[in-house]
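Reading the structure
Read off the chains here:
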Amino acid sequence: MTLTFHWFLPTNGDSRHVVGGGHGTPVTAAGGDRPPTVRYLAQIARAAEDLGFEGVLTPTGAWCEDAWLTTAMVSQHTERLKFLVAFRPGFISPTLAAQMASTYQRQTGGRLLLNVVTGGESHEQRAYGDFLDKDARYARTGEFLEIVRDLWDGRTVNSKGEHLTVEDARLTRVPDPVPEVYFGGSSPAAGVVAARHADVYLTWGEPPAQVAEKIAWIRGLAEREGRALRFGIRLHVIARDTSERAWAVADRLLAGFDPATVRSVQEGLARSESDGQKRMLALHGGGRDGLEIHPNLWAGIGLVRGGAGTALVGSHEEIAERIEEYHRLGIDEFILSGYPHLEEAYWFGEGVLPRLAARGLWGHPDGPAGPGTAQVPFAKTPEEAPARA
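Residues numbered from 1 in each chain as written. Predicted model: local features only at pLDDT ≥ 70, side-chain atom pairs only at ≥ 80, totals over all residues. Heavy atoms only, no water.

1. A look at the overall build of the protein chain
Rules: Helix and strand assignments come from DSSP, with helices taken as H or I runs of at least 4 residues and strands as E runs of at least 2, each series counted from the N terminus. With C-alpha atoms as the basis for the radius of gyration, the globule rule is written as 2.2 Å multiplied by the number of residues raised to the power 0.38. The buried label applies to any residue whose accessible area, calculated with a 1.4 Å probe on protein chains only, is under 20% of its type's maximum; exposed applies above 50%, and partly exposed to all values in between. Two residues qualify as a contact provided that any one of their heavy atoms is within 4.5 Å of a heavy atom in the partner residue. Each accessible area is a Shrake-Rupley result for a 1.4 Å probe, and residues are judged covered by the shown protein chains and nothing else. Asp and Glu count as negative and Lys and Arg as positive, but His and the ends of the chain are not part of the count. Charge positions are represented by NZ for Lys, CZ for Arg, CG for Asp and CD for Glu.
The secondary structure content of the protein chain amounts to 13 helices and 13 strands. Its C-alpha atoms give the protein chain a radius of gyration of 20 Å, within 12% of the compact-globule value 21 Å for 389 residues. Seen through its principal axes, the protein chain has C-alpha atoms that stretch 65 × 50 × 40 Å. Within the protein chain, buried positions represent 58% of all 389 residues. Across the protein chain, contacts joining residues at least 24 apart in sequence account for 74% of those joining residues at least 6 apart. Total accessible area computed for the protein chain in this model is approximately 15,600 Å², and 50% of it derives from carbon and sulfur atoms. In the protein chain, the 40 positive side-chain charges and the 49 negative ones have mean positions that sit 1 Å from each other.

2. Focus: the pairing of strand β13 (residues 333-337)
We apply this condition: Here the rule is simple: two strands pair whenever DSSP picks up at least two bridges between them.
With 5 of its 5 residues buried, β13 lies for the most part within the structure. Of the two faces of β13, the one holding Glu333, Ile335 and Ser337 and the one holding Phe334 and Leu336 are both buried throughout. Direction of pairing for strand β1 (residues 4-8) relative to β13: parallel, over a ladder of 3 bridges. By the bridge assignment for β13, Phe5 is matched with Phe334. Pairing of strand β9 (residues 230-240) with β13, which is carried by 5 bridges, proceeds in the parallel orientation.

3. Concerning the layout of surface pockets
To be explicit about the condition: Throughout, the protein atoms alone are placed on a 1 Å grid, and a set of points is a cavity if a 1.4 Å probe fits but cannot get out or a pocket if it is open with protein on both sides within 12 Å along at least five of seven lines; lining residues have an atom within 4 Å of a point. Grid points are joined across faces, edges and corners, and a volume is the space filled by probe spheres set on the points. All amino acids are sorted into three groups, where Ala, Val, Leu, Ile, Met, Phe, Trp, Tyr, Cys and Pro are nonpolar, Asp, Glu, Lys and Arg are charged, and the leftover types, Gly among them, are polar.
Quantified by volume, the largest pocket comes out at close to 240 Å³. Looking at the largest pocket, it is lined by 16 residues, and the ones nearest its centre are Thr60, Asp66, Trp68, Phe87 and Phe91. Among the secondary structure elements, those contributing two or more residues to the lining of the largest pocket are α2 (67-74) and β3 (82-87). With 3 residues, α2 is the largest single contributor of residues to the lining of the largest pocket. Here the residues of the lining of the largest pocket sort into 11 nonpolar, 2 polar and 3 charged.

4. As for the pattern of salt bridges
Inclusion rule: A pair is scored as a salt bridge if a Lys or Arg side-chain nitrogen falls within 4 Å of a carboxyl oxygen belonging to Asp or Glu.
For the structure shown, the criterion picks out 21 salt bridges. Glu225 is the partner of Arg196 in a salt bridge, and the nearest nitrogen-oxygen pair spans 3.3 Å. You can see Arg196 sitting in helix α6 (residues 188-197) and its partner Glu225 sitting in the loop between α7 (208-224) and β9, a full 29 residues away along the chain. Residue Arg196 is classed as partly exposed on the basis of its relative accessible area, which comes to 46%. On the basis of relative accessibility, which here comes to 39%, the residue Glu225 falls in the partly exposed class. Here Lys214 and Glu206 are joined by a salt bridge, their closest N and O atoms 3.2 Å apart. Of the two residues, Lys214 and Glu206, neither departs from the other in class, the shared state being buried.

5. Thoughts on the packing of helix α1 (residues 38-51) against helix α12 (residues 341-351)
Selection rule: Axes here refer to lines fitted to C-alpha atoms; in helices the fit is confined to the stretch in contact. Angles between the N-to-C directions go from 0 to 180 degrees. Each angle gets one of four labels, with under 35 degrees taken as roughly parallel, over 145 as roughly antiparallel, 65 to 115 as roughly perpendicular, and the rest as oblique.
Relative to each other, α1 and α12 sit at 5°, their axes nearing to 9 Å. Classed by the angle they form, the pair α1 and α12 counts as roughly parallel. Where α1 abuts α12, its residues Tyr40, Gln43, Ile44, Ala47 and Leu51 lie against His341, Leu342, Ala345, Tyr346, Gly349 and Glu350. Among the residues forming the contact of α1 with α12, the class breakdown is 7 nonpolar, 3 polar and 1 charged.

Below is the structure:
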């Protein structure tokens, strides 16, 4: 199986610095450097499409623009690119969600993927009128996905669950193709939902040994359900012509982290109910030392950002090696991002993807003649020097 790569649409704003936000933390001021206008997001989306990314992920929450509306608009500026739309199932009815997905598929030519986010922070959920606790939210997500999948199969659904009830629910037109469901979570309750309903299980960028344990856990749960899942990983990336130049960029980002902001963000994230967020925090412990937690895996992003907090940092060849290392564990899909997202898409797409293609691990979705398959050298920028000491 060749690898699949997705990029990220920064609907919370973009910058040459790390833009915080997520898991109840506010977006940092740097998000205003490049506001998330449709014009700018479409520029990133078109670049990702040309370079050979399969799709783009959009986040969900009060800290960013609405994913459904934004991607529906951006989709009109692209042709092939898919949109991995993050949404929280507790906020809308399953019948409406199934209908929205069906409409999205027809209007975009089948370019919708769904990232189901149960919601790890009760205080943020309550702002939207959701007062269930964490385990109950996962139970509701399971009921939600069961109803949605039955509707997508063209069935008339009558369901009375602990959290959701529908009567004579049916879609006039089912989606074609049925959107794939991406799902992540590190708690026991999340594992049950993933095993029963997900097509792709997602993990944040932990060291390979921890990722291997998580894959084995989910794979075992899925086998008991008579199912087989694919696995994906969410990472940031800083790829350059040499390792020294890549680490110089990481050092520049780290130097820009205001100590007061780091303290504030870490205090907020320490209150998180998310098991995955707790695992991210444990990788760096809130400090600036020892942030390379595995060769080319840097935990610095997590000092100022909730959610995905690690980055692959290194030369194009080193990044290709780390990707192959994760692939050997069972990871087939990579959801990547970098600051700023437009430029970093090119660094990765023109530097790393050709090397993966040479290894037989990737091919451009548009075929060998597709755009973005050749490596194009970049002009040197001030951020690349001096080399890392």
